[in-house]
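Below are the chains, spelled out letter by letter.
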Amino acid sequence: MKDFKETILRGIPSQLPEKKEINPDISHAPNRKDILSKEEKKLAIRNALRYFPEHMHATLAPEFTEELKTYGRIYMHRFIPNYKIKAKHLEDFPHKSKQAAAIQLMLSNNLDYAIAQHPEELITYGGNGAVFQNWAQYLLCMQSLAEMTDEQTLVLYSGHPMGLFPSHKDAPRVVVTNGMMIPNYSKPDDLEKFNALGVTQYGQMTAGSFMYIGPQGIVHGTTITILNAARKIDAKAKDLSGKIFVTSGLGGMSGAQSKAGVIAKGVCIVAEVNPQATYKRHKQGWVDQVFSDLDELLDRATSARDNKEVVSLAYDGNIVDLWERIVERNIHIEIGSDQTSLHNPWAGGYYPVGISFKEANEMIANNPEKFKKEIRKTLVRHTNAINTLTERGMYFFDYGNGFLLEANRAGADILNEKGDFKYPSYVQDIMGPMYFDYGFGPFRWVCTSNNPNDLAITDKIAAEILEDIMQNSPNEIKPQMSDNINWIKEAEKNKMVVGSQARILYADAEGRMKIAEAFNNAIAEGALSAPIVLGRDHHDVGGTDSPYRETSNIYDGSQFTADMAIHNVIGDSFRGATWVSIHNGGGVGWGEVINGGFGILLDGSSDADRRLKSMLFWDVNNGISRRSWARNKEANFTIKRAMRMNPDLKVTLPSVVDDDLINNLVF
Ligand SMILES: NC(=O)c1ccc[n+]([C@@H]2O[C@H](COP(=O)([O-])OP(=O)(O)OC[C@H]3O[C@@H](n4cnc5c(N)ncnc54)[C@H](O)[C@@H]3O)[C@@H](O)[C@H]2O)c1
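Now for a look at the structure at hand.

Rules used throughout
Residue indices follow the written sequence of each chain, beginning from 1 at its first position. Note on the predicted model: pLDDT of at least 70 is required for a residue's local features to be given, and 80 or more for side-chain atom pairs to be given and counted; whole-chain, interface and lining totals, by contrast, use all residues. As a convention, hydrogens and water are excluded, and side-chain values are obtained from all of the structure's heavy atoms. Numbering of helices and strands runs from the N terminus; a helix is a DSSP stretch of H or I covering at least four residues, while a strand is a stretch of E covering at least two. With the radius of gyration taken over C-alpha atoms, the globule rule is written as 2.2 Å times the number of residues to the power 0.38. The rule is simple: take the accessible area with a 1.4 Å probe, protein chains only, and divide by the maximum for that residue type; under 20% is buried, over 50% is exposed, in between is partly exposed. Think of it this way: DSSP has to see at least two bridges between two strands before they count as a pair. Here, two residues are considered to be in contact whenever any of their heavy atoms come within 4.5 Å of each other. Every angle, taken between N-to-C directions, lies between 0 and 180 degrees, and every axis is a line fitted to C-alpha atoms, over only the stretch in contact when it is a helix. The nonpolar core is taken to be a set of buried Ala, Val, Leu, Ile, Met, Phe, Trp, Tyr and Cys residues, with the residues joined through side-chain atoms within 4.5 Å. Between 30 and 60 degrees the pair is tilted, below 30 it is stacked and above 60 it is edge-to-face, where a pair is any two Phe, Tyr or Trp rings, Trp via its six-membered ring, whose centres lie within 6.5 Å. Each ring is checked for a lysine NZ or an arginine CZ that lies within 6 Å of its centre and within 35 degrees of its normal; such an atom marks a charge sitting over the ring. Basic side-chain nitrogens of Lys or Arg form a salt bridge, by our definition, when they fall within 4 Å of a carboxyl oxygen of Asp or Glu. His is not counted, nor are the chain ends, whereas Lys and Arg count as positive and Asp and Glu as negative. Note on definitions. A residue lies near a molecule or strand when any single heavy atom of the residue is within 4 Å of it. Residues adjacent in sequence count toward polar contacts only when both atoms are side-chain atoms; beyond that, a polar contact is any pair of N or O atoms within 3.5 Å, and within protein one must be able to donate a hydrogen and the other to accept it. Classes in brief: Ala, Val, Leu, Ile, Met, Phe, Trp, Tyr, Cys and Pro nonpolar; Asp, Glu, Lys and Arg charged; the others, Gly included, polar.

Focus: the overall build of the protein chain
On a plain count of helices and strands, the protein chain comes out with 22 helices and 17 strands. Against the globule reference of 26 Å for 667 residues, the protein chain gives a C-alpha radius of gyration of 24 Å, in line with a compact fold. Taken along the three principal axes of its C-alpha coordinates, the protein chain extends 70 × 60 × 60 Å. With 667 residues in all, the protein chain has 62% of them scored as buried.

Thoughts on the sheet that holds strand E8 (residues 289–291)
With parallel pairing, the six strands of this open sheet are ordered in space as E8-E9-E7-E6-E10-E11. Either end of the sheet is taken by a strand with one partner, and the two such strands are E8 and strand E11 (395–396). Relative to strand E7 (residues 267–272), helix H8 (residues 256–263) is tilted by about 175°, and along the sheet it contacts strand E6 (244–248), E7 and strand E9 (311–316). Relative to E6, helix H11 (residues 319–329) is tilted by about 145°, and along the sheet it contacts E6, E7, E9 and strand E10 (335–336).

Considerations on the nonpolar core
One finds Phe52, Phe64, Met76, Tyr138, Phe210, Trp445 and Leu534 to be the most contacted residues of the largest nonpolar core, which totals 148 residues. Residues in contact with Leu534, not counting those within four places in the same chain, are Met211, Phe443, Arg444, Trp445, Ala516, Phe519, Phe598, Gly599, Ile600, Leu602 and Leu616. Leu322, Trp323, Leu379 and Ile386 belong to the second-largest nonpolar core, a separate cluster that totals 45 residues.

Let's talk about the packing of aromatic side chains
Going through the model one piece at a time under the given rule, you end up with 24 aromatic pairs. Here the aromatic rings of Tyr125 and Tyr212 are separated by 5.1 Å at their centres, their planes lie at 10°, and the arrangement is stacked. A residue pair is termed long-range when its members are at least 10 positions apart, and Tyr125 in strand E1 (residues 123–125) and Tyr212 in the loop between helix H6 (188–196) and helix H7 (216–233) qualify at 87 residues. Tyr125 sits in the buried class, given a relative accessible area of 4%. With a relative accessible area of 3%, Tyr212 lands in the buried category. Members of the aromatic cluster, joined through ring pairs, are Phe245, Tyr395, Phe397, Tyr399 and Tyr426. The side chain of Lys88 reaches across the aromatic face of Phe4, ending 4.0 Å from its centre. Positioned over the ring face of Trp346 is Lys372, at 5.3 Å from the centre of the ring.

Side note on the pattern of salt bridges
Pairing between side chains of opposite charge can happen when the charged atoms of each approach one another. Scanning the model with the defined rule gives 42 salt bridges in all. In this structure, the salt-bridge partner of Asp234 is Lys243, at a minimum N-O distance of 2.8 Å. Its relative accessible area of 25% is what places Asp234 among the partly exposed residues. A relative accessible area of 8% means that Lys243 is categorised as buried. Residue Arg549 pairs with Glu550 through a salt bridge whose shortest N-O separation is 3.1 Å. As far as the burial class goes, Arg549 and Glu550 line up, both buried. What emerges from the salt-bridge pattern is a single network uniting Lys169, Asp170, Asp607, Arg610 and Arg611.

Observations regarding the side chain of Asp239
Note on placement: Asp239 falls in the loop between H7 and E6. It turns out Asp239 is buried and unbridged, and the closest side chain with the opposite charge, Lys265, is 4.7 Å from it.

Focus: the site of the ligand
In the neighbourhood of the ligand, 33 residues make up the surrounding shell, with Ser254, Glu272, Ser341, His343 and Gly587 lying closest. A distance of 3.0 Å is found between an oxygen atom of the ligand and a side-chain nitrogen or oxygen belonging to Gln117. A per-class count over the shell around the ligand returns 11 nonpolar, 20 polar and two charged.

Re the environment of Gln137
In this fold, Gln137 is placed in helix H5 (residues 135–147). In this structure the C-alpha to C-alpha distance between Gln137 and Leu240, which are 103 residues apart in sequence, comes to 45 Å. Residues contacting Gln137, with those up to four places away along its chain left out, are Tyr51, Phe132, Ser158, Gly159, His160 and Pro161. Of note is the side chain of Gln137, whose polar atom sits 3.0 Å from the side chain of Tyr51.

What about the pairing of strand E5 (residues 174–178)?
Alternating positions in E5 separate cleanly, Val174, Val176 and Asn178 being buried on one face and Val175 and Thr177 remaining unburied on the opposite face. In the sheet, strand E3 (residues 152–157) pairs with E5 via four bridges, with the strands oriented parallel. Bridge pairing links Leu156 to Val176 in E5. Pairing of E5 with strand E16 (residues 579–584) involves five bridges; the strand directions are parallel. Directly across from Thr177, in E16, lies its bridge partner Ile582.

Without other data, these values stay purely geometric and don't point to any function.
Okay, here's the thing in C-alpha cells:
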C-alpha cells in the first residue's frame, strides 16, 4: 500500500520504466484509421512528448511513432502502472482531500481490467468511451488528485490535466470537459483527427466522467424498458413472460440486455460478432446458452417461449444473419431492437455481414472505404429484415445507439411517408413519457468503504425511503415506484456488483433527495462505515441534450439545442457537486449529443446535507422545467408538483393552444 501511494505521488516517473508489451489475453481497441498527414503526425509526436522530460525524448519518439503507425493513436503503453488499478477503500488512496480520494476511487473503477472494455487503451465501454487519451494523463491526474486540497480545483481538458487552480471548499474538486469542439469541427473524421493529435477524446457518458459502475447501471434501465415494451404491446402482460425479445450486442452496455431479459422473465436472443464478448457474458452467467447454428438457436427459443421458460440465448455471429433467418422461417418475434455501437459505425462499432470478424477488423485500418461500403450494405439488409418482421407484427424500437440515424444515412428504407423514422426510439415510447418526464432517472451511489455490508445497508435504507414515499405518491407514478422498489429489494440477489460497491436505482427528485439525506445521516451516525459517492448516468432527465435519444420526446424544435445540458452542468457546479463533466458525443455519437454529469461526496457533514439538497433539486428540476416548457404533459404535472413542494421554485409554464386554431391558419 505504501508503494502504491508513493508511486501515485510520483506521477510521471523520473526514469523510464521498462518497455511493455500489450497483454494478449485481454480485449484491445481496434486500430484506428491512419488519418494524419506527415506534418500532423509530427505534431502528434511533439504533443505526446510534452508530457516527458527531454532526456526521455530520443527513446520515446520512435516508440510513439510506432504506436501511432500501429494503433492510429499514441497510448503510451510503456507507462501502464505495475499495480492493479481498481476501486479500493477511500483511505487507501493517497490524499489531502477526501473528495479527491473519492474521485481517484471512481476513475480507478473505470480502468479496472475486470471492468473496462479495452483497459490498456483506457477505454471503459462503447468501443471508444475513453477515461484518458494516454497513460501520461492518467499518471498526472492521479498525482494531482493525491496532492490537492479542498481549496483547489483540477481542470481536465479531454483527459489532459491542465492543472490545479486555487478555488474554495464549496467549488467542484474537478471540472471535466470531453470532446468539446467548435461546432463546425464536430464531424466523425474530426474526432479521428483531433484524437490522433492528442487534443480531444470521446468521453462517452460515464467513461470520461468517472461514473461507470459496470453493467448493472444499464441492467436496471434495460429491465424497465423491456418490461414496459412488453406491457405496451400487451395490456395484460405483467412482464416479458411468453415473449421473445431479439437484439444484438453483448458488449459493455449492450451485455445488459441478456440479463435484463431474464429479470423481465422472458426469452432473450442476442447476436454478437465478437466471440470474446459473447463468452465473457456466458462465463459471467448473463447468457445461458451460446449457439453458432441459427436453426438450433431458433428452435430452442420458440420452444422456450411455448413453455414460458425464462432464458437468455446468444448467437455467435452477425445480427443480420439472425434477422434474415427469422424472416425466412417466418417466426413471430414480439419485440426487437439493436444495441450494436452504431454511434461509431466506421471504427468497429458495427460489423458488416458476410465478412469474418478478423477480416473486418483488418479492413477498418487497411481499406476504410471498402469497410464503409460494406457497413452501408449491411444496414440496408438489416433494415429490410426488420421492416418485414414489423409488417408481420413485431414491435421494434431504437435503443439509443444511433441505429435509425445511421440506417437512414446508409440509404436504408427507414423513413415513413411523413419523412420521419418508421420506428420510435425507446425514449419516445417508454423512457421519456413514463420516466424522464416524471423526473425518474438512473441515480446511483458507491460505498467508498468498498465494503459489501455498507452496500446492503444502503439498499435497505433506499427501499424503506421509497416505500414510505409511495404511500403518498400520485397515481401517475405509482407503477414506476413499484418497479423500482422491486428492483432495489432484489438488487443484492441479482449479484451485479463488479468492481466498486455500487448501486443503481431509478428515482425521481424527491426519492433522490430523501435517499441522499438518509445516507448522509447514516454516515454521521456511524451506521455506514465511510462516505458515499452519489451520481447518475448522463442518460437522464436533465443532463443530456440528444435529439435521437434522451430528448427525442421533445417536440417543440428545441431537441436540437443544448441549453439544458449546459445549464445543468453550470448549475450543478455552483450548487455543490464534488465534480462535474460536460461531453460532446456519448450514446449516439460525436456531434450528435451534449451530455453532462456530476459526482457528489456525502461525508455525513452538514455541508454535504446543504449541498445535496440544493444540487439534486436543481439537477432534476432543470430537466423537468424544460420538458414541461416543451408541452410534455407528464413534465408539466411534475413541475407543478415540485413548485407546490418548494415555493421558491417558480417556473414559466406553457400555454397550450387549441390545435384547430393553428390548423385553420392560412400561410
Ligand atoms: N439505450 C441505452 O440506454 C444505451 C445505454 C448504453 C449504450 N447505448 C448504446 O448502445 C450501443 C452499445 O453500447 P456498448 O457499450 O454495449 O458498446 P460495445 O461496443 O461494448 O458493444 C456493442 C457490441 O455489438 C457488437 N456488434 C457490432 N456489430 C454487430 C453486428 N453486426 N452483429 C452482432 N454484433 C455486433 C460488437 O462486437 C460489440 O460487442 C452504443 O451505441 C451505446 O451508445 C444505449
